[in-house]
Amino acid sequence: MENYKHILLAVDFYEQGDLVANKAKAIAVKYQAKLSIVHVVDNLPVMDTNYGIDIPFNMDLTTELMAGSKKRLTHLAEKLAVPTERTWLEMGSPKTEIVRVAQENDVDLIVLGSHGRHGLALLLGSTANSVLHYATCDVLAVRLRDE
Ligand code: AMP
């Protein structure tokens, strides 16, 4: 099996996220690899609502989302002993940003959950599927079971 050197954990702060985070940490320890974390704030907050209505882009809401995400990311990084310079808080499309951060930082393994917030919205394809398709490195989708 390949000796991974840089592992990227993609988190959406959804239920069962700890399972994915713990697995990424365990693999990093096992391979003595660097561990980084990425979270992407969707630039269309309407996607988070599931109301199916069109909410115009709202700068205050976006700033609030970024601030909340930063806090959670910092907390998780402390828990996993990941230094701040290896945490990425991005805005945009999660699938695109996860792959970009991985490529720009010589990541050789991306760890994510088999599904998350958008797990049931399979019409457009899930984040996990898309990252698997476009990443140029290995991808581990940690199996998450529905309650
Ligand atoms: P999904 O395919 O969207 O249901 O999500 C599958 C997995 O992709 C999640 O368990 C996370 O590990 C990752 N993921 C989803 N959305 C994001 C996001 N906004 N930022 C970082 N990782 C994400």
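Residues numbered from 1 in each chain as written. Predicted model: local features only at pLDDT ≥ 70, side-chain atom pairs only at ≥ 80, totals over all residues. Heavy atoms only, no water.

A. Focus on the side chain of serine 69. You can see serine 69 is positioned in helix α2 (residues 59-80). Residue classification places serine 69 among the buried positions, given a relative accessible area of 9%. Polar contacts involving the side chain of serine 69 include one to the side chain of histidine 39, which spans 3.5 Å. Each residue touching serine 69, except ones within four places of it in the same chain, is listed here: Phe13, His39, Val41 and Leu89. (Helix = DSSP H or I, 4+ residues; strand = E, 2+ residues; numbered from the N terminus. Buried < 20%, exposed > 50% of the residue type's maximum accessible area, 1.4 Å probe, protein only. Polar contact = N/O pair within 3.5 Å; in protein donor to acceptor, adjacent residues only side chain to side chain. Contact = heavy atoms within 4.5 Å.)

B. Representation of the nonpolar core in the model. Grouped together as the largest cluster of nonpolar side chains are 22 residues, with contacts concentrated most on Ile7, Leu9, Leu35, Ile37, Leu76, Leu80 and Val111. Among the secondary structure elements, those contributing two or more residues to this core are β1 (6-10), α1 (17-31), β2 (34-42), α2 and β4 (109-113). Top element by residues in this core is α1. It accounts for six residues. Ignoring any residue separated from it by four or fewer positions in sequence, one finds leucine 76 in contact with Leu9, Val11, Phe13, Ala21 and Ile37. Core analysis: the second largest hydrophobic core is formed by 16 residues, Leu8, Val38, Ile98 and Val99 among them. (Core = buried A, V, L, I, M, F, W, Y, C linked by side-chain atoms within 4.5 Å.)

It is worth stressing that arrangement in space is one thing and function is another; only the former is reported here.
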